[in-house]
Amino acid sequence: SATTTYGVYVSSPTGKPTLDNNIIFTMGTNTRYGIYEGQASSDPTSAKNNAIFDAGTGGTFVLYFDNDNSQGFTNICSGNFGNATCSLTLSTPSGSGNVNATGLSQVFMYYPTDIVYTQDGPDGNTTYDGNTTTLEVADSTTCSKFAVNEYFEYFYDNTARKITGTDCVTNRTVTFTPALTYDFGAGTPILLWGTNNTNYDKKYALKIGSPSLDSGLVGTTNGGSCTNYTSKTHIWGSGTSQTDCDTKFPHAKSKYNAGNCETTYLYPAIEILDDNIGNDNGLCESNETCLHNPNIGAYAGHGTLSTYTACDSNITSAGFTGIVLKKYDSNGY
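Calculation rules
- Residues numbered from 1 in each chain as written.
- Predicted model: local features only at pLDDT ≥ 70, side-chain atom pairs only at ≥ 80, totals over all residues.
- Heavy atoms only, no water.
- Helix = DSSP H or I, 4+ residues; strand = E, 2+ residues; numbered from the N terminus.
- Buried < 20%, exposed > 50% of the residue type's maximum accessible area, 1.4 Å probe, protein only.
- Contact = heavy atoms within 4.5 Å.
- Areas by Shrake-Rupley, 256 points an atom, 1.4 Å probe, with all protein chains shown as cover.
- Disulfide = S-S within 2.5 Å.
- Pairing = 2+ DSSP bridges.
- Lys, Arg positive; Asp, Glu negative; His and termini not counted.
- Salt bridge = Lys/Arg side-chain N within 4 Å of Asp/Glu carboxyl O.
- Phe/Tyr/Trp six-rings, centres within 6.5 Å; stacked < 30°, edge-to-face > 60°.
- Lys NZ or Arg CZ within 6 Å of the ring centre and 35° of its normal.
- 1 Å grid on protein atoms, 1.4 Å probe; cavity = no way out; pocket = protein on both sides within 12 Å on 5 of 7 lines; lining within 4 Å.
- Points joined across faces, edges and corners; volume = space filled by probe spheres on them.
- Nonpolar A, V, L, I, M, F, W, Y, C, P; charged D, E, K, R; others polar.
- Polar contact = N/O pair within 3.5 Å; in protein donor to acceptor, adjacent residues only side chain to side chain.

Draft legend 1. Spotlight on the overall build of the chain. Along the backbone of the chain there are three helices and 19 strands. The buried share of the chain, taken over its 333 residues, is 43%. Here the analysis covers contacts within the chain between residues at least 6 apart in sequence; of these, 62% occur between residues at least 24 apart. Accessible surface computed for the chain: about 15,600 Å², of which carbon and sulfur atoms make up 50%.

Printed below as a string of structure tokens:
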């Protein structure tokens, strides 16, 4: 692609984000930025334990672009922050927990072979001719990426669809099964998965040796510590009373406090949903069962969930009681 790409684009100087524990990657063949400040005062408040890697080729990869080139975020990289000389060695300076890799194969066990988009092709009309069992793509080159009996995912819907036929000469169309519930038309992302349908449940799971494994904010090997468990407050919105909060945010189970509807929770643990224990708002609160994720990113392991007690004293110190922390027995493939 000739388009400049961004892993994370920080646009607002006021809503400064916390960039912690993310897998950030860039693709393409032109200029690529891992983290890019859109304005001079858009410095993130924090950027710890991220895996920032580049899956592109050629062009220029810039790990971190500091727009003002003076408030260099020293826990990301060293050197001149405003250009490509920004160091890719994220272990220095120490303490950030950020890691860097250069390709998808270093990180994930299974990942898309390509990402393409539905589009009106050169078929004699100006309308998108796809439907719930047919895709139309831009040209024969894109069409040729679809192989009969291989699989794709439509719009991140977590469903493996089998390619049953292609017409890459006249109409640039692809037929498939099972049918879509809804056809979103042109511009829809299509993730090509090749023949990996049998391992579809492992997509984006981390592989053994991935720099993201055990490197999260509370990683168990080399990337984190139970001391990173802390108390945070999420504000769902404004309110005038507890009744008002319950009406405005019925699923949040928030508490009214000084004009806000808020929840105090244990960060970065995640509430385990649908276990008939907590309030299912996704935030880890007292007397709930929560997930301990030792990795960077969403993949937290696989297999059996077992009680994890190593962080109990840190949870108590953060002001919470009755939290049962769970951790997967297996981590990485």
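Draft legend 2. Looking closely at the state of the cysteines. As enumerated under the stated definition, the model contains four disulfides in all. The disulfide bridge from cysteine 245 ends at cysteine 261, spanning 2.1 Å between sulfur atoms. With the S-S dihedral at roughly -85 degrees, the linkage between cysteine 245 and cysteine 261 falls on the left-handed side. Note that cysteine 245 is positioned in helix α2 (residues 242-248) and cysteine 261 in strand β15 (residues 260-267), a separation of 16 residues in sequence. Here the two residues cysteine 245 and cysteine 261 agree in accessibility, since each one is buried. For cysteine 284, the disulfide goes to cysteine 290, at an S-S distance of 2.1 Å. In this structure the cystine formed by cysteine 284 and cysteine 290 twists about its S-S bond by roughly 100 degrees; its chirality is therefore right-handed. Cysteine 284 sits in the buried class, given a relative accessible area of 0%.

Draft legend 3. Summary view of the pairing of strand β9 (residues 151-154). Of the two faces of β9, both are covered, the one formed by Tyr151 and Glu153 as well as the one formed by Phe152 and Tyr154. As paired elements, β9 and strand β10 (residues 161-167) share two bridges and run antiparallel to each other. Bridge pairing in β10 places tyrosine 151 opposite lysine 162. Between β9 and the antiparallel strand that follows it, β10, lie six residues; phenylalanine 155 among them carries a positive phi value of about 55 degrees.

Draft legend 4. Quick peek at the side chain of glutamate 288. Residue position: glutamate 288 is located in the loop between β16 (270-271) and β17 (289-291). No salt bridge is formed by the buried glutamate 288; its nearest oppositely charged neighbour, lysine 253, is found at 9.7 Å. Non-local contacts of glutamate 288, meaning those with residues more than four positions away in its chain, are made with Glu271, Ile277, Gly278, Asn279, Leu283, Gly322, Ile323 and Val324.

Draft legend 5. Looking closely at the packing of aromatic side chains. All told, the structure shown has 15 aromatic pairs when counted by the stated rule. Ring centres of phenylalanine 108 and tyrosine 204 lie 5.5 Å apart, and the angle between their planes is 80 degrees; this geometry places the pair in the edge-to-face category. Note that phenylalanine 108 is positioned in the loop between β6 (99-101) and β7 (114-117) and tyrosine 204 in the loop between β12 (189-194) and β13 (230-238), a separation of 96 residues in sequence. The structure contains a cluster of three or more aromatic residues connected by ring pairs, namely Phe25, Phe53, Phe108, Trp193 and Tyr204. We note lysine 232 situated over the ring of tyrosine 267; from NZ or CZ to the ring centre the distance is 3.9 Å.

Draft legend 6. Summary view of unusual backbone geometry. Proline 178 follows threonine 177 through a cis peptide bond whose omega is 0 degrees. Along the chain, proline 178 falls in the loop between β11 (173-177) and β12. The amide bond that connects tyrosine 267 to the next residue, proline 268, takes the cis arrangement and shows omega of 5 degrees. Tracing the backbone through its elements, the reader meets proline 268 in the loop between β15 and β16.

Draft legend 7. The layout of surface pockets, seen in detail. Taken as a whole, the largest pocket spans an internal volume of roughly 370 Å³. If you trace the largest pocket, you find 21 residues lining it, with Pro268, Ala269, Ile270, Asn293 and Gly297 closest to the centre. For the lining of the largest pocket, the class distribution of residues is 15 nonpolar, five polar and one charged. Volume-wise, the second largest pocket comes out at about 270 Å³. It is β7 that provides the largest number of residues to the lining of the second largest pocket, a total of four residues. Residue composition of the lining of the second largest pocket, grouped by class: six nonpolar, two polar and two charged.

Draft legend 8. Spotlight on the environment of tyrosine 229. In this structure, tyrosine 229 sits in the loop between β12 and β13. Given a relative accessible area of 4%, tyrosine 229 falls into the buried group. In the structure, tyrosine 229 is positioned 12 residues away from leucine 217 in sequence and 8.3 Å away in space, judged by C-alpha atoms. With residues up to four places along the chain from it excluded, the contact list for tyrosine 229 reads Val218, Leu266, Tyr267, Pro268, Ala269, Leu291, His292, Cys311, Ala318 and Leu325. There is a polar contact of 2.9 Å between the side chain of tyrosine 229 and the side chain of histidine 292.

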